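Report on the structure
Listed below, chain by chain, are the residues.
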Amino acid sequence: MRVLGIETSCDETGVAVFDSDKGLIADAIYSQAEMHSRFGGVVPELASRDHIRKTLPLIGEVLALANLETKDLDAVAYTSGPGLVGALMVGATIGRTFAWARGLPAIAVHHMEGHLLAPLLSETKPSLPFVALLVSGGHTQLVRVDAIGRYTLMGESLDDAAGEAFDKTAKLLGLGYPGGPALAALAESGQPGRFTFPKPMTDRPGLDFSFSGLKTAAMTTIRSIENLTESDRADIASAFEEAVVETLTIKCTRALAEAKLSELVIAGGVAANQRLRQRLEESVEHVFYAPPSLCTDNGAMIAFAGHERLRAGFSEPLVIRTQARWSMEDLPEVNIFPNH
Ligand code: KG4
Ligand code: ZN
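In this text, all values refer to a predicted model and were calculated from it rather than measured experimentally. All residue numbers refer to position in the chain's written sequence, counted from 1. Key to labels: chains lettered from A, ligands numbered from 1, both in the order written. This being a predicted model, a pLDDT of at least 70 is required before a residue's local features are given, and a value of 80 or more before pairs of side-chain atoms are given or counted; all residues contribute to the totals for chains, interfaces and linings. Each side-chain value is worked out from all heavy atoms of the structure, with water and hydrogens disregarded.

1. A closer look at the coordination of the zinc ion (ligand 2)
Around a metal, the perfect tetrahedron of four donors has angles of 109.5 degrees, and the perfect octahedron of six donors has angles of 90 or 180 degrees. Put simply, the test is: A donor here means an N, O or S atom no more than 2.8 Å from the metal, or no more than 3.2 Å when the metal is Na, K or Ca. Since water is not included, a site may seem to lack partners. Here a helix means four or more residues in a row that DSSP labels H or I, a strand means two or more in a row labelled E, and each is numbered from the N terminus. Partly exposed residues are those whose accessible area sits between 20% and 50% of the maximum for their type, while under 20% is buried and over 50% is exposed, using a 1.4 Å probe and protein chains only.
Within the first shell, the zinc ion (ligand 2) binds the protein through H111 (NE2), H115 (NE2) and D297 (OD), at distances of 2.0 to 2.1 Å. Donor residues for the zinc ion (ligand 2) sit on one chain with the sequence pattern H-x3-H-x181-D. You can see H111 and its partner H115 sitting in helix α4 (residues 111-117), four residues apart, about one turn around the helix. The pair formed by H111 and H115 is uniform in burial state, with each residue classed as buried.

Here it is as structure tokens:
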């Protein structure tokens, strides 16, 4: 089965084709980051309009890359939530209509399930059950995974998501949007230990997170320094990254102990962070993640998650459905675990 995957939930148009036998055969992404950067964040209406401009040409590009024609596709998967509703509508409308026009089955994919399953596209895969840390621009969640679609939320952020905290702190440091990768790059030249930021909610039991205070700590430090130099900024970036990484590591270790499991999957944009990967490698027995390009938003994870649901017999009725808010715990369970 060859599945076309379409992702348009935020500021990236992603299109890919996943083949049951050959795996991922084509994957292309168009990022709107530059367009949004002068506003310091995503402008939803601009995002929707740009997805309208980019999705169809990108589908054409991906089919050409894979040397395929539309008749070679067997099904269509598209992100139907959570995300910006206008942006989601573009991918859902194009995906569902494309499938209808060609008489193909379609599947509405949960964006976070897409992130969660992306590490299964790597050579070394986790085995069930495992704990997943989902860290993106909109979510910070610890989830127990007993099967695809059998998810138990163990903890989540009570305020800002980890990626959001990276983006907001990066903005305070005068870095562009999206701030996460820029802040991580700046932190590399920082002197660790010059500043120490709090590790929110690690001194009490539980698996919830709170990151909004960290941004305030960064702001207070920035304001306390007269004539902020490049090396001051790097030191602050390093302290911020250290606090987030350490907090996430403490909570992941705690979640694994609580669940009595040894395998951890990290997914979502912040899982691309090298310091987080390194720290978890040191503290956790088995850590699994996707290559950085499949951690941030992409069409491949949607094609793959859709493929797993389609081959288990799920498909969408003739409705264009989007859900700005959608809990992963509401997804139906899939009884097959990928072995390709
Ligand atoms: O998963 P994603 O691409 O989009 C959402 O579903 O939100 O995650 C984007 C988030 C942004 O906040 C971005 O700053 C952050 O992931 N991010 C990073 C890194 N790469 C992306 N944060 C820290 N370090 C990185 N290397
Ligand atoms: Zn995402």
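2. Section: the packing of aromatic side chains
The cut-off we apply is this: Each pair of aromatic rings taken from Phe, Tyr and Trp, with Trp reduced to its six-membered ring, is defined by centres within 6.5 Å and is described as stacked if the planes are under 30 degrees apart, edge-to-face if over 60, and tilted in the remaining cases. By definition, being over a ring means that NZ of Lys or CZ of Arg is both within 6 Å of the ring centre and within 35 degrees of the ring normal.
Throughout the structure, instances matching the rule amount to three aromatic pairs. Taking the centre distance of 5.1 Å and the plane angle of 65° together, the rings of F18 and F304 count as edge-to-face. A residue pair is termed long-range when its members are at least 10 positions apart, and F18 in strand β2 (residues 12-19) and F304 in helix α11 (residues 300-311) qualify at 286 residues. In this structure, F18 and F304 share a single accessibility class: buried. Ring geometry for F166 and F240: centres 5.1 Å apart, planes at 90°, overall edge-to-face. Separated by 74 residues along the polypeptide, F166 in helix α5 (residues 162-172) and F240 in helix α8 (residues 230-259) bring together distant segments of the chain. For F240, a relative accessible area of 0% puts it in the buried group. Sitting above the plane of the F209 ring, K251 keeps its charged end 5.4 Å from the centroid.

3. Topic: the site of ligand 1
The test is simple: Being near a molecule or strand, for a residue, comes down to having at least one heavy atom within 4 Å of it. To be clear on the numbers: accessible area is Shrake-Rupley with a 1.4 Å probe, and residue cover counts the displayed protein chains and nothing else. Note on residue categories: nonpolar means Ala, Val, Leu, Ile, Met, Phe, Trp, Tyr, Cys or Pro, charged means Asp, Glu, Lys or Arg, and polar means any other residue, Gly included. As used throughout, domain bounds are those supplied by an automatic or database domain assignment.
Looking at ligand 1, there are 18 residues lining it, with H115, G137, D167, N273 and D297 nearest. When the free accessible area of ligand 1 is taken as 560 Å², the share hidden by the protein chains comes to 88%. Looking at the shell around ligand 1, the element that brings in the most residues is α5, giving three residues. The residue makeup of the shell around ligand 1, split by class, is five nonpolar, 11 polar and two charged. If you count residues domain by domain, the shell around ligand 1 takes at least three from each of domain 1 (2-117 + 294-330) and domain 2 (127-289).

4. Details of the sheet that holds β2
Adjacent strands of a sheet form backbone hydrogen bonds with each other and so pair up, either parallel or antiparallel. Test applied: Here, any two strands with at least 2 DSSP bridges between them count as paired. Axis definition: a line fitted to C-alpha atoms, limited for helices to the stretch in contact. Angles are taken between N-to-C directions and run from 0 to 180 degrees. The criterion used for residue contact is that any of the two residues' heavy atoms lie within 4.5 Å.
Read across the open sheet, the five strands follow the order β3-β2-β1-β4-β5; overall the sheet is mixed. Two strands lie at the open edges of the sheet, namely β3 (23-31) and β5 (106-110), each paired on one side alone. Adjacent strand axes in the sheet meet at a mean angle of 20° when their direction is disregarded. The sheet strands contacting helix α3 (residues 85-102) are β1 (2-7), β4 (75-81) and β5, and the helix crosses β4 at an angle near 155°.

5. As for α8
Stated precisely, the cut-off is as follows: Each helix should span, by expectation, one fewer than its residue count multiplied by 1.5 Å.
For α8, which comprises 30 residues, the first-to-last C-alpha distance of 43 Å matches the rise-based estimate of 44 Å (1.5 Å per residue) to within 8%. The buried fraction of α8 amounts to 21 of the 30 residues, a majority that puts the element mostly inside the structure. The positive-phi residue at the C-terminal boundary of α8 is K260, with phi of around 55°.

6. Focus: the environment of Y30
Topologically, Y30 is positioned in strand β3. When the C-alpha atoms of Y30 and G14 are compared, they prove to be 6.4 Å apart, with 16 residues separating the residues in sequence.

7. Considerations on the domain arrangement of the protein chain
So the rule is basically this: The term buried area denotes the loss of accessible surface (1.4 Å probe radius) that occurs when two parts are joined, taken as the sum for both partners. For this document, the term salt bridge refers to a Lys or Arg side-chain nitrogen within 4 Å of an Asp or Glu carboxyl oxygen. Distance and chemistry together define a polar contact, namely a pair of N or O atoms within 3.5 Å, with one atom able to donate a hydrogen and the other to accept it when in protein, and with adjacent residues in sequence counting only for side-chain atoms on both sides.
Taken as a whole, the protein chain is organised into domain 1 (2-117 + 294-330) and domain 2 (127-289). Taking only C-alpha atoms into account, the centre of domain 1 sits 27 Å from that of domain 2. Every contact between the two is made by 19 residues of domain 1 and, on the other side, 22 residues of domain 2. A combined buried area of about 1600 Å² lies between domain 1 and domain 2, and 71% of that area is made up of carbon and sulfur atoms. Per-residue buried area on domain 1 facing domain 2 is highest for M112, L116 and C295; these three make up 35% of the total on that side. There are zero salt bridges connecting domain 1 and domain 2. Where domain 1 touches domain 2, the interface holds five residue pairs in polar contact (both at pLDDT 80 or more). Sorting the residues of the side of domain 1 that touches domain 2 by element identifies α1 (33-37), α4 and α11 as the ones contributing at least two each. Top element by residues in the side of domain 1 that touches domain 2 is α4. It accounts for five residues.

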